[in-house]
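Chain by chain, the residues run as shown.
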Amino acid sequence: MAQIRIENLRKEFGAFTAVQNSTFTIEDGEFFMLLGPSGCGKTTTLRMMAGLELPTSGRIYIDGEEVSQKRASQRDIAFVFQMFALYPHMTVRGNISYPLKSQGMPKARVREKVGEVAEILGITDILDRPVGGLSGGDRQRVALGRAIVRQPKAFFMDEPLGALDAEFREHMAEELRALHDRMEATTVYVTHDQLEAMQMGDKIAVMNHGVVEQFGVPQDIYDWPATKFVAQFIGSPPMNFLEFDGMIGAGHDEVRLNGVAVKVPEAIDGASGKLTLGVRPEHVKLDDAAPYRGRIVASEYLGTTRIVTLDTPGGVLKARIPSSEAVVVGQTTGLSFDARTLTLFENTHGHALRSHANAGVLAHG
Ligand code: ATP
C-alpha cells in the first residue's frame, strides 16, 4: 500500500478555481476523509489524485513516485463510485473477476482470488447470482469486491454510501471501516457528512470553497477548529459563537460579553476589535450563580442529553446538558463556560487565535 502526497494542487475550470493549492500527506494505510459541503472541491481533489482529472498546477506522489500527469490506469489505484457501475447481466463472480481477467490472469488463479475476496466480504453464497436482482448492500459489496481484488496501492471512494438509507448506511460504514482495518489499505474517501467523517476517518481534510481549512485527526478538528467554518461544519449542534468587542493576547485572560466578565484562554496571537468566542454546546453549564445570563427559549429531550436553547446578550446559544437536569422554558439562568475549552476567533478571516491549548494542533493545520 502507499503514502499519497499532494503539493500545491490546483484546479481551474476556465476562470473558476475549484481547488486552491492544497498540500497534505496521507500516510500508508490511513483511512482519509475529504470532507466539506457540496461544491467545495472534494470530488475534484479526489479525481486529480486518481488520475481522472489533470491538475492545472501542483504535484501528486503515490508511494514516492510522481504521478501528476499519469493516467488513472498507470497509477495502480481503484476507484469506487457512488453509482456502483456493475455489469447487471453478469454474475457477482463475473463482476469481481473482470479486472483480473482483463489483466490476463490465469483462470484458476482468478477463481482463487475471487473466492478470497468473497470470503472477506461475506458474499460467497451469492457468487453465482446475477447482480441485477441484488439488494443495495450486496451490490455495494460486489463493487468493493471488484475494487479490492486487484490489491491496488490505494482506494478512492466518492460518497460510496450516499445512495443508501440511514440505517443501512451506518451498517455499511462499519463494514467498510472493518474491511479497511483488515486490509490496511490506504483509502481516500469523499463525504459531505461530518458524522461519517468523524466515525470512520483516521484523518480528515475539511474543505471550503476549494481550500483545505483544516487537516488532522477527528478529535483535534472537533476540539480545536482552525476556522469558524470548521467550528460550525463539525458538530451537531455546531459550536456557539458569541461576538464581543475587546482585546486579547498575552496577559489577557478575561473578556467582557455585554459588560459581563468571562474567563478565556490566554491567546498567544494578540487581536483587538470585533472578536468571537466559540463554545461547544457540551461546554456550556447552566449555573444559576454565574453572572452571564440567558433566557431558556427551548428544550429538546434526546434521551441521555437535552439541548437547551438560550437567548443571551451575545447571541443565541445552545447547551447540551444531561437530560436528568430539569429546565423550565421561559426562565432565566446563569451560564458558565470552562475557559480551557473555549476558542477565540478573529472576525476578518474567521481564523482561530492560538492559545496554549490549541497551538500544537493549529501549527499543523
Ligand atoms: P459535490 O459533493 O456536490 O460533488 P464537491 O465538493 O465534490 O461537491 P466538486 O465536484 O469537486 O465539488 O466541484 C467543485 C466545483 O467545481 C463546483 O463548483 C463545480 O461546479 C465545479 N466543477 C467541477 N467539475 C467541473 C467541470 N468539469 N467544469 C466546470 N466546473 C466544474
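These figures come from a predicted structure and were not determined experimentally. (Residues numbered from 1 in each chain as written. Predicted model: local features only at pLDDT ≥ 70, side-chain atom pairs only at ≥ 80, totals over all residues. Heavy atoms only, no water.)

**Q** I keep staring at the environment of Glu27 and nothing clicks. Help me out?
**A** Relative to the assigned elements, Glu27 resides in the loop between strand S2 (16–26) and strand S3 (31–35). Taking the relative accessible area as the measure of exposure, Glu27 reaches 36% and is therefore partly exposed. Between the C-alpha atoms of Glu27 and Ile60, which are 33 residues apart in sequence, the distance is 14 Å. For Glu27, the residues in contact, after removing those within four places along its chain, are Ala2, Gln3, Thr186 and Lys203. Reaching out from Glu27, the side chain makes a polar contact with the side chain of Gln3 at a distance of 3.3 Å. (Helix = DSSP H or I, 4+ residues; strand = E, 2+ residues; numbered from the N terminus. Buried < 20%, exposed > 50% of the residue type's maximum accessible area, 1.4 Å probe, protein only. Contact = heavy atoms within 4.5 Å. Polar contact = N/O pair within 3.5 Å; in protein donor to acceptor, adjacent residues only side chain to side chain.)

**Q** Just to check I follow, could you spell out the domain arrangement of the chain for this structure?
**A** For interface size, the figure often reported is the accessible area lost on association. Domain annotation of the chain identifies domain 1 (4–223) and domain 2 (229–346). Between the C-alpha centres of domain 1 and domain 2 the distance comes to 39 Å. With 14 residues of domain 1 at the interface, the matching set in domain 2 holds nine residues. Taken over both partners, the interface formed by domain 1 and domain 2 buries close to 1000 Å², and the fraction arising from carbon and sulfur atoms is 66%. When the area that domain 1 buries against domain 2 is broken down by residue, the three leading residues are Gln194, Val206 and Tyr222, summing to 51%. At the junction of domain 1 with domain 2, the criterion picks out zero salt bridges. On inspection of domain 1 and its partner domain 2, the count reaches three residue pairs in polar contact (both at pLDDT 80 or more). Elements that contribute at least two residues to the side of domain 1 that touches domain 2 include exactly helix H6 (194–200), strand S9 (203–208), strand S10 (211–216) and helix H7 (218–223). Residue composition of the side of domain 1 that touches domain 2, grouped by class: seven nonpolar, five polar and two charged. (Domains from an automatic or database assignment. Buried area = accessible area lost by both parts, 1.4 Å probe. Salt bridge = Lys/Arg side-chain N within 4 Å of Asp/Glu carboxyl O. Nonpolar A, V, L, I, M, F, W, Y, C, P; charged D, E, K, R; others polar.)

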